[in-house]
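# Examining the three-dimensional arrangement
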Amino acid sequence: MVGANIALAFGPWFVRLADTGPVAAGFWRIALALPVLLVAAAGRDGRTMLPPRGLWLPLLVGGLAFAVDLGAWHIGIRRTTLANATLFGNCAVLIFPLYGFIAMRRWPTRTQGLALSLAAVGGVLLLGRSAELSSRHLAGDLFCLLAGVLYAVYFIAMRGVRQTMAPLPALALSSAAGVLPLLLFALALGETILPQHWGPLFALAMVSQIAGQGLMIYALGHLSPLVVGLALLVQPLVGATIGWLAYGERLGPMDAVGGALVAAALVIVSARRSPER
């Protein structure tokens, strides 16, 4: 899960480096990764690609939600700071754990509540001085917030899929469901589709889609919604660091405090305790 979020945090940087439109970059992220995913998921006989009949709808919903999530997020990335884009784009950090508590029909324990509180405070602090909700950043922030809500929908759909399906076929089929809508979305916006430089798009596909999203889908089948949601806060810390190094979006002391609070929340919620303790 931590590895997935580190890989995914590089996505906004690659989107900024791409010379296509932002939604077109999302299309290439999936399109370039899809052949690799399909070959890896098919196995020797190809039968592992076929999901049970009841999973086709969740796969379609997950793929479409992820496609619109990428489109909205990539538009927002171009209009706000990398720290804002990664934090607002991962507001699933609160939505997905809340879904988990509702699905299990119980309130969080005091320890889980403490972890959520620490994560919420840490997430706010991670914005640092670049967290300004100015008119210059407001449109980008709203696009990223929309992306974060859709990311939570994707998690909810794919968590159900992962209960009975292996990670690679689940990722390959959900990616296939989203590639055409992204292309149509980019064409409708009149974006530049074909790049002059393929490097950032290949990096986006290999690092974000194959490595990052692949590890994320794997982790969804093994971790609770609370741990998955809190771990998403690793992305703003990495994204803010990239923004500082690449674009001078400077970090402040509060960023360090926010990172420490997020780390504490992850340790608290993932620690295995004996019944006696």
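Look above for the structure.
Note that the structure is predicted; figures quoted are calculated from it, not measured.

## Re the overall build of the protein chain
Scanning the protein chain from N- to C-terminus turns up 13 helices and zero strands. Helices and strands appear in the protein chain in the N-to-C order α-α-α-α-α-α-α-α-α-α-α-α-α. Each of the 277 residues in the protein chain was classed as buried or not, and the buried ones make up 52%. Across the protein chain, contacts joining residues at least 24 apart in sequence account for 90% of those joining residues at least 6 apart. Total accessible area on the protein chain stands at roughly 12800 Å², and carbon and sulfur atoms take up 69% of it.

## A closer look at the side chain of Asn5
Checked against the element boundaries, Asn5 lands in helix 1 (residues 2-9). Here Met1 takes part through its backbone oxygen, which lies 2.9 Å from a polar atom of the side chain of Asn5. Side chain to side chain, Asn5 and Gln235 meet in a polar contact 2.9 Å long. The contact partners of Asn5, leaving out residues within four places of it in the chain, are Met216, Ala231, Leu232, Val234 and Gln235.

## Comments concerning the nonpolar core
Among the nonpolar cores identified, the biggest contains 60 residues, and Tyr151, Tyr154, Phe155, Met158 and Met216 are the most heavily contacted of them. With eleven residues, the single largest contributor to this core is helix 3 (residues 22-42). Core analysis: the next-biggest nonpolar cluster, separate from the first, contains twelve residues, Leu87, Leu118, Leu226 and Leu230 among them.

## Structural notes on the environment of Asp19
Positionally, Asp19 belongs in the loop between helix 2 (11-17) and helix 3. When the C-alpha atoms of Asp19 and Thr192 are compared, they prove to be 8.0 Å apart, with 173 residues separating the residues in sequence. If near-sequence neighbours (up to four positions away) are discounted, Asp19 is found in contact with Thr192, Pro195, Gln196 and His197. Reaching out from Asp19, the side chain makes a polar contact with the backbone nitrogen of Gln196 at a distance of 3.0 Å. A polar contact of 3.1 Å, which involves the side chain of Asp19, links it to the backbone nitrogen of His197.

## Re a nonpolar patch on the surface
Residues Leu57, Leu60, Val61, Leu64, Ile95, Val149 and Val153 make up a contiguous nonpolar surface patch of about 530 Å² in total accessible area. Within the residue set of the nonpolar patch, elements represented by two or more residues are helix 4 (56-77) and helix 8 (135-162). Looking at which element gives the most residues to the nonpolar patch, the answer is helix 4, with four residues. Mapping Val61 onto the fold places it in helix 4. Relative accessible area serves as the criterion here: at 38%, Val61 is assigned to the partly exposed category.

## Points about the packing of helix 1 against helix 12 (residues 234-247)
Between helix 1 and helix 12, the shortest axis-to-axis distance is 8 Å and the interhelical angle comes to 35 degrees. Regarding helix 1 and helix 12, the two cross each other, and that crossing is right-handed. In this structure, helix 1 contributes Asn5, Ile6, Leu8 and Ala9 to the contact, and helix 12 contributes Val234, Gln235, Val238, Gly239 and Ile242. Considered class by class, the residues forming the contact of helix 1 with helix 12 number six nonpolar, three polar and no charged.

## Considering helix 3
Counted at 1.5 Å a residue, the expected span for helix 3 with its 21 residues is 30 Å, and the 30 Å between its end C-alpha atoms agrees. The sharpest bend along helix 3 comes to roughly 40 degrees, located at Leu34, with the proline Pro35 sitting one to four residues further on. Counting buried residues in helix 3 gives 15 out of 21 residues, a clear majority hidden from the surface.

## Some thoughts on the side chain of Gln235
Following the sequence through the fold, Gln235 ends up in helix 12. Every residue in contact with Gln235, bar those within four places of it in the chain, is listed here: Asn5, Leu8, Ala9, Trp73, Thr86 and Asn90.

About the criteria used
Residues numbered from 1 in each chain as written. Predicted model: local features only at pLDDT ≥ 70, side-chain atom pairs only at ≥ 80, totals over all residues. Heavy atoms only, no water. Helix = DSSP H or I, 4+ residues; strand = E, 2+ residues; numbered from the N terminus. Buried < 20%, exposed > 50% of the residue type's maximum accessible area, 1.4 Å probe, protein only. Contact = heavy atoms within 4.5 Å. Areas by Shrake-Rupley, 256 points an atom, 1.4 Å probe, with all protein chains shown as cover. Polar contact = N/O pair within 3.5 Å; in protein donor to acceptor, adjacent residues only side chain to side chain. Core = buried A, V, L, I, M, F, W, Y, C linked by side-chain atoms within 4.5 Å. Patch = residues over 30% accessible without salt bridge, like charges linked within 9 Å, V, L, I, M, F, W, Y side chains within 5 Å. Salt bridge = Lys/Arg side-chain N within 4 Å of Asp/Glu carboxyl O. Axes fitted to C-alpha atoms, helices over the stretch in contact; angles between N-to-C directions. Left-handed = near helix turned anticlockwise from the far one by under 90°. Nonpolar A, V, L, I, M, F, W, Y, C, P; charged D, E, K, R; others polar. Expected span 1.5 Å × (residues − 1). Bend = angle between axes of the 7 residues up to and from the residue.

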